[in-house]
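Residues per chain, in single letters:
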Amino acid sequence: MNIFRSMYSKIFGRNPTPAAEPVNLVRFVSLNQDVNLAQAGGAESYQNLFTRVCIDCLAENAAKLKPKVQRIIDGGIKDGDSRLQALLEISPNEYMNSFEFVYKVVTLWAKDNNAFIYIAKDLRGNPIGLYPIAYAQAEFLESNKMLFVRFTFGNGFRMTVPYEELCHLRRFFGPSDLFGEDNERTLKPQIGLLNIVNKGFAAAVNNNNRLKGIIKSNVNLHNDDLKKQQEAFVKDYMNLSNNGGIAALDTRTEYIELKNQPTVADDKQMEVVRKDIMAYFHVSEDILMARYNEEQWGAFYESVIEPIAIRLGLELTRKIFTQREIAVGNRIHFEANRLQYASTSSKITLTKELMPFGMLSVNEAREIFNLAPVEGGEKRLVSLNYIDAELANQYQAGKIGAEQVEGGEKE
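These remarks concern the structure in this document.

Details of the sheet that holds strand S5 (residues 114-121)
Then, number 1: Overall, antiparallel pairing links the 3 strands, which are arranged S6-S5-S10 in an open sheet. Unpaired on one side and paired on the other, strand S6 (127-133) and strand S10 (166-170) mark the two borders of the sheet. On average, adjacent strands in this sheet sit at an angle of 20° to one another, irrespective of strand direction.
Then, number 2: Relative to S6, S5 runs antiparallel, the two being bridged by 6 bridges. Bridge pairing in S6 places Tyr118 opposite Tyr131.
Then, number 3: Against the sheet, helix H10 (residues 294-320) makes contact with S5, S6 and S10, and its axis sits at roughly 155° relative to S10, the strand it touches most.

Topic: the nonpolar core
Then, number 1: One finds Leu130, Ile277, Phe281, Val283, Leu316 and Ile332 to be the most contacted residues of the largest nonpolar core, which totals 55 residues.
Then, number 2: Here this core gets 10 residues from one element, more than from any other, and that element is H10.
Then, number 3: In this structure Ile277 touches Phe50, Thr51, Cys54, Leu187, Gln190, Ile191 and Leu194, once residues within four positions along its chain are discounted.
Then, number 4: Counting residues in hydrophobic clusters, the runner-up holds 22 residues, among them Ala138, Val149, Phe151 and Phe153.

Brief notes about helix H5 (residues 98-112)
Then, number 1: Its 15 residues place the ends of H5 21 Å apart at the C-alpha level, agreeing with the 21 Å of an ideal helix rising 1.5 Å per residue.
Then, number 2: Among the 15 residues that make up H5, 11 are buried, leaving the element largely enclosed by the rest of the structure.
Then, number 3: Among all positions in H5, only Ser98, Phe101, Val102, Val105, Val106, Thr107, Leu108, Trp109, Ala110, Lys111 and Asp112 are buried.
Then, number 4: Looking at where H5 begins, the residue whose side-chain oxygen comes 3.2 Å from the main-chain nitrogen of Phe99 is Asn97.

Focus on the layout of surface pockets
Then, number 1: Of the volumes computed, that of the second largest pocket is approximately 420 Å³.
Then, number 2: Taken together, 21 residues make up the lining of the second largest pocket; nearest its centre are Asp81, Asn126, Pro127, Phe321 and Glu325.
Then, number 3: Of all elements in the fold, only helix H4 (82-89), S6 and helix H11 (323-327) reach the threshold of two or more residues within the lining of the second largest pocket.
Then, number 4: In the lining of the second largest pocket, the residues fall into 7 nonpolar, 5 polar and 9 charged.

Quick notes on the environment of Pro127
Then, number 1: Looking at where Pro127 falls in the secondary structure, it is placed in strand S6.
Then, number 2: You can call Pro127 partly exposed: its relative accessible area is 21%.
Then, number 3: Residues Pro127 and Leu84, 43 residues apart in the sequence, show an inter-C-alpha distance of 7.2 Å.
Then, number 4: Those residues in contact with Pro127 that lie beyond four places of it in its chain are Leu84, Leu87, Ile119, Ala120, Lys121 and Ile320.

Focus on the side chain of Arg170
Then, number 1: If you trace the backbone, Arg170 turns up in strand S10.
Then, number 2: Summary of buried charges: Arg170 has no salt-bridge partner, and the nearest side chain of opposite charge, Glu315, is 5.7 Å away.
Then, number 3: Within the structure, Arg170 has its side chain in polar contact with the backbone oxygen of Leu178 (distance 2.9 Å).
Then, number 4: With near-sequence residues (within four places) excluded, Arg170 lies in contact with Trp109, Asn113, Asn114, Tyr163, Leu178, Phe179, Gly180 and Arg311.

Quick look at the packing of helix H3 (residues 49-62) against H5
How two helices sit against one another is set out by the angle between their axes and by the gap between those axes.
Then, number 1: Contact geometry of H3 with H5 gives a least axis separation of 8 Å together with a crossing angle of 145°. Judged by the twist between their axes, the crossing of H3 over H5 is right-handed. Facing H3, whose interface residues are Ile55, Asp56, Leu58, Ala59, Glu60 and Ala62, H5 presents Phe99, Val102, Tyr103, Val106, Thr107, Ala110 and Lys111.

Analysis parameters
- By convention here, each chain's residues receive numbers from 1 onward along its written sequence.
- Note on the predicted model: pLDDT of at least 70 is required for a residue's local features to be given, and 80 or more for side-chain atom pairs to be given and counted; whole-chain, interface and lining totals, by contrast, use all residues.
- As a rule here, side-chain values come from all non-hydrogen atoms in the structure, and water together with hydrogens is ignored.
- Pairing between strands requires that DSSP locate at least two bridges from one strand to the other.
- Where helices and strands are cited, they refer to DSSP runs of H or I of at least four residues and of E of at least two residues respectively, numbered from the N terminus.
- Here an axis means a line fitted to C-alpha atoms, over the contact stretch when the element is a helix, while the angle between two N-to-C directions is reported on a 0 to 180 degree scale.
- In what follows, a contact means two residues having at least one pair of non-hydrogen atoms within 4.5 Å.
- The nonpolar core is taken to be a set of buried Ala, Val, Leu, Ile, Met, Phe, Trp, Tyr and Cys residues, with the residues joined through side-chain atoms within 4.5 Å.
- Each residue's exposure class comes from its accessible area (1.4 Å probe, protein chains only) as a fraction of the maximum for that residue type: buried when under 20%, exposed when over 50%, partly exposed otherwise.
- A helix is expected to reach a length of 1.5 Å times the quantity of its residues less one.
- Polar contacts here mean pairs of N or O atoms no more than 3.5 Å apart (in protein, one a potential hydrogen donor and the other a potential acceptor; neighbouring residues in sequence count only if both atoms are side-chain atoms).
- Of the two site types, the cavity is a set of points on a 1 Å grid over the protein atoms alone where a 1.4 Å probe fits but cannot get out, and the pocket is an open set with protein on both sides within 12 Å along at least five of seven lines, each lined by residues with an atom within 4 Å of a point.
- Grid points are joined across faces, edges and corners, and a volume is the space filled by probe spheres set on the points.
- Note that Gly is not counted as nonpolar here; it falls among the polar residues with everything else outside the nonpolar set of Ala, Val, Leu, Ile, Met, Phe, Trp, Tyr, Cys and Pro and the charged set of Asp, Glu, Lys and Arg.
- Only four residue types enter the charge count, namely Lys and Arg as positive and Asp and Glu as negative; His and the chain termini do not.
- When a carboxyl oxygen of Asp or Glu is within 4 Å of a side-chain nitrogen of Lys or Arg, the pair counts as a salt bridge.
- The sense of a crossing depends on the near helix, which, turned anticlockwise from the far helix by less than a right angle, makes the crossing left-handed and, turned clockwise, makes it right-handed.

Written as structure tokens, this is what we have:
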């Protein structure tokens, strides 16, 4: 109990006691007056092997995204808060690293279609920790015109947190005004079919290792003797230790086998169910089995990973920064080096085409080929075969000489 309480206190700054809740809390009424209560669904679906593989695929690939804290000034991009960058890039909290943080957020998002991240701040309002919240139940409440979320956890403890201190990522954000709709209703038929098939397959394997039939005695026996004979037969032959599936009988007894072939779904039927689940999570078999090419990866990135990066970056930006900080250009976004998944020939072609224009630094080009950065590699190389268009116009008009074109216009 003390461990739980200390973790609550570490994350939220207080223990989950009724006295710690805001006063005058009432149920928040949304536009459609729907029940602003979400259960952590996905219990049944996440226990299914195939569904878990699909969710893991999303989370593993999304966790490769790299967070960037930047500031946009006069159309240019500069590095943002270095402390926030280190927090996002290395260790968002004391319990997980950056990869695990994104993995857990996306797992909760895909499993429940709602993911909450609590932003812990110091007395000056600077973020000092980001914590994904694995709740059992979440409920929207209000007090003094402020919006709150009350979390109920698996151990029964409750914690009420201001909504402005939470990042909230939603999937299938349609019917409800506040929550993403859970997966249970939509996925339940497909998951049910997979579970039935798996149980049927297990039963078929089990039945194939057992004898099934009728024992016919060629001599007259009393009922008690017949029962003893049956029990002895079952004990000796119809058990898991009878791996061969063979029984030895004398001429007084005859065994008549009963053919009972259980029906299991064929591969085509199973493929239809699996494709429905893969489509639900927007993954393909090639992506799941990690045998994709650069075109398939590009499509997966643009349709699945990039939307995750956009919603995660936008939500962190609007909840971490103040309105004034956002107004002066502070942003958080997540990016991925998509060229790492291209073929070697494509990498060579692209670097040859991009580097002469200064679009890649030496280290960025090395990263494409999975090479370590080198000292001074942040410099960008530009071909001398290209000049500023304005300088070219001035040269043709005779306003500047060739030496100024080659070296740049001098002040």
